[in-house]
Amino acid sequence: MLIAHGDDQYRFITQPDHAALAGQFAEHWGNETFERPEPFAAMTLVATTHDDGWWEYDRKPHLEDGDLVNFVSVPADEWVEFYDGGISSVAELNTYAGLLASMHGSGLRRRRYGLSTSWPDTQPAFEEFVAKEEERQTRLAGELMEADEDEEELSDEDMELLTALHKQGEPPERTTSRLWCNYELLQVWDVLSLILGTTESPDETTIEDVPTAPGEEVSITVRPVGDGEFELDPYPFDESPLTVSVAARVVPKGDYGTEDDFCRAYYAGEYETVEFTLHA
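Residues numbered from 1 in each chain as written. Predicted model: local features only at pLDDT ≥ 70, side-chain atom pairs only at ≥ 80, totals over all residues. Heavy atoms only, no water.

**Overview of the overall build of the protein chain**
- Within the protein chain, the secondary structure is distributed over 9 helices and 9 strands.
- At 19 Å, the protein chain has a C-alpha radius of gyration in line with the 19 Å of a compact globule built from 280 residues.
- Across its three principal directions, the C-alpha atoms of the protein chain cover 55 × 45 × 35 Å.
- Expressed as a percentage of the 280 residues in the protein chain, the buried residues total 50%.
- Contacts in the protein chain between residues at least 24 apart in sequence constitute 68% of all its contacts with a sequence separation of at least 6.
- Counting only carbon and sulfur atoms, one obtains 43% of the accessible surface of the protein chain, whose full area is about 13200 Å².
- Taking the 18 positively charged and 61 negatively charged side chains of the protein chain as two groups, their mean positions are separated by 4 Å. (Helix = DSSP H or I, 4+ residues; strand = E, 2+ residues; numbered from the N terminus. Rg over C-alpha atoms; globule rule 2.2 N^0.38 Å. Buried < 20%, exposed > 50% of the residue type's maximum accessible area, 1.4 Å probe, protein only. Contact = heavy atoms within 4.5 Å. Areas by Shrake-Rupley, 256 points an atom, 1.4 Å probe, with all protein chains shown as cover. Lys, Arg positive; Asp, Glu negative; His and termini not counted. Charge placed at Lys NZ, Arg CZ, Asp CG, Glu CD.)

**Some words on the pairing of strand β2 (residues 9-13)**
- Within β2, 4 of the 5 residues are buried, which leaves it mostly tucked inside the rest of the structure.
- Two elements, strand β1 (residues 2-5) and β2, share 4 bridges in a ladder whose sense is antiparallel. By the bridge assignment, Leu2 is partnered in β2 with Ile13.
- Hairpin remark: β1 followed by β2, antiparallel, with 3 residues in the connecting loop. (Pairing = 2+ DSSP bridges.)

**A word on the environment of His166**
- One can find His166 in helix α7 (residues 156-168).
- With sequence-adjacent residues up to four places away left out, His166 is seen in contact with Arg110, Glu134, Gln137 and Thr138.

**So, the layout of surface pockets**
- Of the pockets and cavities examined, the largest pocket occupies roughly 800 Å³.
- What lines the largest pocket is a set of 39 residues, among which Phe71, Val72, Leu108, Arg112 and Trp119 lie closest to the centre.
- Contributing elements (two or more residues each) for the lining of the largest pocket: α1 (15-28), α3 (76-93), α5 (111-114), α8 (178-197) and β5 (205-213).
- If you tally residues by element for the lining of the largest pocket, the top one is α8, at 7 residues.
- In the lining of the largest pocket, the residues fall into 17 nonpolar, 12 polar and 10 charged.
- Here the second largest pocket is characterised by a volume of approximately 260 Å³.
- If you trace the second largest pocket, you find 17 residues lining it, with Pro171, Pro172, Glu173, Arg174 and Thr175 closest to the centre.
- Elements represented by at least two residues in the lining of the second largest pocket include exactly α8, β5 and β6 (216-226).
- In terms of residues, the lining of the second largest pocket owes the most to one element, α8, which gives 3 residues.
- Across the lining of the second largest pocket, the residue classes tally to 7 nonpolar, 4 polar and 6 charged. (1 Å grid on protein atoms, 1.4 Å probe; cavity = no way out; pocket = protein on both sides within 12 Å on 5 of 7 lines; lining within 4 Å. Points joined across faces, edges and corners; volume = space filled by probe spheres on them. Nonpolar A, V, L, I, M, F, W, Y, C, P; charged D, E, K, R; others polar.)

Put into structure tokens, the structure is as follows:
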């Protein structure tokens, strides 16, 4: 879960709901500066479903030594199990979306394939997961190369990209692979959703490596300008202002003792829809 700590309350957003917010960004991405995502349906699908594996785990809040467990502190064995299942469910819906969901999962444990060089390298607990997902990516890519769906067909450059990611953990220099562009887009939508969801008062933030088209990138500044309102520069969406929303649950702070006590408080908490308005 994403947990925002207020003065007297917690605001919880489940990972699947956070992904649904990312899906809204995908639906509206594109204008004269930013190319519309292609293949559009598959990109919207993966943005919306890339965290579906969290459904069961996020049915309740978790405590460890009396502290709330947020999305970055989930035990490795549980994380691996539900990520594997979530990626499989996306791949069953659409092969191209499944390929990107798998790249997202393994990338989280490989410094996002060069986008987050300050992150730790693959930890032993995740090595087998990464190896299996990269095998899955090779298999799914092969299926796409043989498929008749022109819209989701991979290019030779896309295949060279996957080889480079698997061997060296980063893309070739100056790649114009659409698959890499789409992987970057998924990271951008994910990060923007995290910026809005992990705190009730976000600071001004810059998102790096934002593709405007394959091989072309800019940085986007996300600037708070009011209660739930943000200015994005440059602006990537097809309308301004754009209002998006996410489901959340609000729980008063207190001494709940056990995980069961907190679970009861969680489901007794107020369920609300949080809106964000984005401006050029």
